[in-house]
Structure formats: structure tokens, C-alpha cells
Amino acid sequence: MKVVMAKVICITNQKGGVGKTTTSVNLAYFLAKAKQRVLLVDLDPQGNATSGLGVDKGELADSMTEVMLGAADFMNVIRPTEFKNFDLAPTTPQLANAEVEMVGMKQKFGTLKKVLQGVAGDYDYIIIDSPPSLSLLTVNGMIAADYLILPVQTEFYALEGVAQLLESMAMVKKAMNPQLKLLGVLATMYDKRTSLSAEVLEEVKKYFKDKVFRATIPRNVRVAEAPSHGVPVGAYDKFSKGAKAYKDFAKEVMERVEV
């Protein structure tokens, strides 16, 4: 029987505050709700995906920090969340120090890809939450991924730095990961009450055309509150506009991946 390998999706944007971690956590949650086996890899030293799922970083014996340095077995780091079909590979702020140490390693660019290959048969989707920078960790995420998703906030300067990110993606694709594709661009923090949000969304659609997801993530209090309760917005308030938007987005991701 042929083993189906996980689709690996890296959520990335070098700009901070665009909803990257929120998107990673909620995409993973709603994929799991759709009966997909999901692993979320927290590759951001801020560890917001880890704490946003109720994990105390101070109590972790090993995390992605040790995995990236080859000092811990990835299988021992993966832990189940309280949600069915949804596992997490947590991280700690020490990952920032590990990244500095990785510079001297021989296989520094392919570390994550090698690690994920060992579990790719156990999941349908592996979601990577990468740092808000074009760092060694981000490049590891791009090399390990089949697809990239780019969250873009519908605010002033939304497209700032995007050209540089796409350039980096093209370099990674050419040199180290020829199958890498941009799965799509997700408009986040959309405020239908302002003309600016509508104008920026139009600008994003002009730039990316059919790569922009139909789902748009609104500015929503429930989305902002959920991480402080250690749960995705779908578990915090499944009837909120934010939960509905992320559910629609996850459905669209599955459609695009399967095409």
C-alpha cells in the first residue's frame, strides 16, 4: 500500500503583525476539524503558536530548539494538543540562539526538511509557522515546504517587502526546492468599515491576481482574544466572524492543494 506523504505548508511574511501565527494555528485547527491529520511546527523563536495553544514554554524539556541543533529526537518533541488530529512541535525563545549556532553547521539549510521526512507519512498536512524575517529558519521552512502561504494585512504598507520575499522564494526554488509553489495570499485584518482596507485589498488582488484566497480574515475581537485562552478561535467562539473566515480559508486550502 502506498503511503501518502503530508503536504507541507509554510506560512511566511518577513513583516511582523500580519496574522501569520494566528493563521498557522487556525488553519491547523480547521484542517484537523475536517478530519485531516495535522502537525503544526512552531519555527518562530517568539513561540506564539506554542503559547497560543496553551503550552507553558518553561516546562518544555526539549523543543524545536534542540531538534534544529540535532540534540533531540523530533518524535519526542511532538505532542498532542487537546484537539483531535492536531499535534504540535513546540518551541522556546532559545531557538533564536540555536539559529546563530546553526550558521556553522554543514546541513544548516536542509535540517528541517530532513526532520520532517521522518514523520511525513503520519500526517496529511504539516504547517510551519516561520519567523517574521528572511532568516536561516525561514529558509529552512521554505526548503522543507511544498507550498507557501503569504498572509498580507489590509493596511498601509501591506505590500512593503513582499517583492524581496518573492525573490527569496524564487532563489530557494531555483537552488534547493524546485517544487516550491505559492499556494496563495491571504488578506488579514480586513475592516469593511474603512475605505483603506478595501483599497489595499484591491491593490493586493492587482498584484497577485488569482493567487489571492477568496476568504478574507476580518478584524475580529474573538480572533485577538483566543490565544490568551490557549485555544484557536474556532474552539473559543465557533460562531464568530473570525472563526467562520478561517474555516472557509481552510476549506479553500484543501481545494487548492488537491487540484
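Use the structure listed above.
The structure presented is a predicted model; accordingly, all values stated were derived computationally and were not measured. (Residues numbered from 1 in each chain as written. Predicted model: local features only at pLDDT ≥ 70, side-chain atom pairs only at ≥ 80, totals over all residues. Heavy atoms only, no water.)

1. Digging into unusual backbone geometry
Phase 1: If you check the backbone angles, K35 has positive phi at about 70° while not being a glycine.
Phase 2: Within the secondary structure layout, K35 lies in the loop between α1 (20-33) and β2 (38-42).
Phase 3: Owing to a relative accessible area of 71%, K35 belongs among the exposed residues under this scheme.
Phase 4: A positive phi angle, close to 55°, is found at K209, a residue other than glycine. (Helix = DSSP H or I, 4+ residues; strand = E, 2+ residues; numbered from the N terminus. Buried < 20%, exposed > 50% of the residue type's maximum accessible area, 1.4 Å probe, protein only.)

2. Section: the nonpolar core
Phase 1: V41 and F74 are the most contacted members of the largest nonpolar core, which totals 47 residues.
Phase 2: When residues in this core are grouped by element, the largest group, six residues, is from helix α7 (residues 136-144).
Phase 3: Membership of the second largest hydrophobic core comes to 39 residues, among which are I11, A28, V55 and L183. (Core = buried A, V, L, I, M, F, W, Y, C linked by side-chain atoms within 4.5 Å.)

3. With respect to the sheet that holds strand β1 (residues 7-11)
Pairing between the strands of a sheet comes from backbone hydrogen bonds, and it takes one of two forms, parallel or antiparallel.
Phase 1: Across the sheet, which stays open at both edges, the eight strands sit in the order β3-β4-β2-β5-β1-β6-β7-β8 with mixed pairing between neighbours. Whereas interior strands pair on both sides, the edge strands pair on one side only; in this sheet they are β3 (79-80) and β8 (212-218).
Phase 2: In this structure, β2 lies alongside strand β5 (residues 125-129), joined through five bridges in parallel fashion. Considered in β5, the bridge of L39 is made with I126. (Pairing = 2+ DSSP bridges.)

4. Let's talk about α1
Phase 1: Over its 14 residues, α1 runs 20 Å from end to end, which matches the ideal 20 Å to within 8%, given 1.5 Å per residue.
Phase 2: By the burial criterion, the buried members of α1 are K20, T21, T23, S24, V25, N26, L27, A28, Y29, F30, L31 and A32.
Phase 3: At the C-terminal side of α1, K35 shows a positive phi close to 70°. (Expected span 1.5 Å × (residues − 1).)

5. Here we look at the side chain of T12
Phase 1: Examined against the element boundaries, T12 turns out to sit in the loop between β1 and α1.
Phase 2: Here S130 takes part through its side chain, which lies 3.4 Å from a polar atom of the side chain of T12.
Phase 3: In this structure T12 touches K20, S130, T138, L148, I149, L150, P151 and L165, once residues within four positions along its chain are discounted. (Polar contact = N/O pair within 3.5 Å; in protein donor to acceptor, adjacent residues only side chain to side chain. Contact = heavy atoms within 4.5 Å.)

6. Some thoughts on a positive patch on the surface
Phase 1: The grouping of K33, K35, K84, K238, K247 and K251 at the surface amounts to a positive patch.
Phase 2: Tracing the backbone through its elements, the reader meets K238 in the loop between α11 (233-236) and α12 (241-258). (Patch = residues over 30% accessible without salt bridge, like charges linked within 9 Å, V, L, I, M, F, W, Y side chains within 5 Å. Areas by Shrake-Rupley, 256 points an atom, 1.4 Å probe, with all protein chains shown as cover. Salt bridge = Lys/Arg side-chain N within 4 Å of Asp/Glu carboxyl O. Lys, Arg positive; Asp, Glu negative; His and termini not counted. Charge placed at Lys NZ, Arg CZ, Asp CG, Glu CD.)

7. Quick word on a nonpolar patch on the surface
Phase 1: A cluster of nonpolar residues, F156, Y157 and L196, forms a patch on the protein surface that exposes about 350 Å² of accessible area.
Phase 2: Relative to the helices and strands, Y157 is located in the loop between β6 (147-153) and α8 (162-175).

8. Re the pattern of salt bridges
Phase 1: A full pass over the atoms with the stated rule returns eleven salt bridges.
Phase 2: The salt bridge involving K20 is made with D44; its shortest N-O contact spans 3.5 Å. One end of the pair, K20, is in helix α1; the other, D44, is in the loop between β2 and α2 (48-51), with 24 residues separating them in the sequence.
Phase 3: With a relative accessible area of 6%, K20 lands in the buried category.
Phase 4: Residue classification places D44 among the buried residues on the basis of a relative accessible area of 2%.
Phase 5: Here R219 ties to E155 by a salt bridge, and the two come within 2.2 Å at their closest N and O atoms. Here the residue R219 occupies a position in the loop between β8 and α10 (221-225), and E155 occupies one in the loop between β6 and α8, the gap between them amounting to 64 residues.
Phase 6: We classify E155 as partly exposed; its relative accessible area is 25%.
Phase 7: Each of the salt bridges in this network shares a partner with another, and the network as a whole consists of R214, E252, E255 and R256.

9. Section: the packing of α1 against α12
Phase 1: Where α1 meets α12, the closest approach of the two axes is 9 Å, and the angle between their N-to-C directions is 70°. Of the possible angle classes, the one that applies to α1 and α12 is roughly perpendicular. For the pair α1 and α12, the contacting residues are T22, T23, N26, L27, F30 and L31 in the first and A243, Y246, K247, F249, A250, V253 and M254 in the second.
Phase 2: The residue inventory of the contact of α1 with α12, partitioned by class, reads nine nonpolar, three polar and one charged. (Axes fitted to C-alpha atoms, helices over the stretch in contact; angles between N-to-C directions. Parallel < 35°, antiparallel > 145°, perpendicular 65-115°, else oblique. Nonpolar A, V, L, I, M, F, W, Y, C, P; charged D, E, K, R; others polar.)

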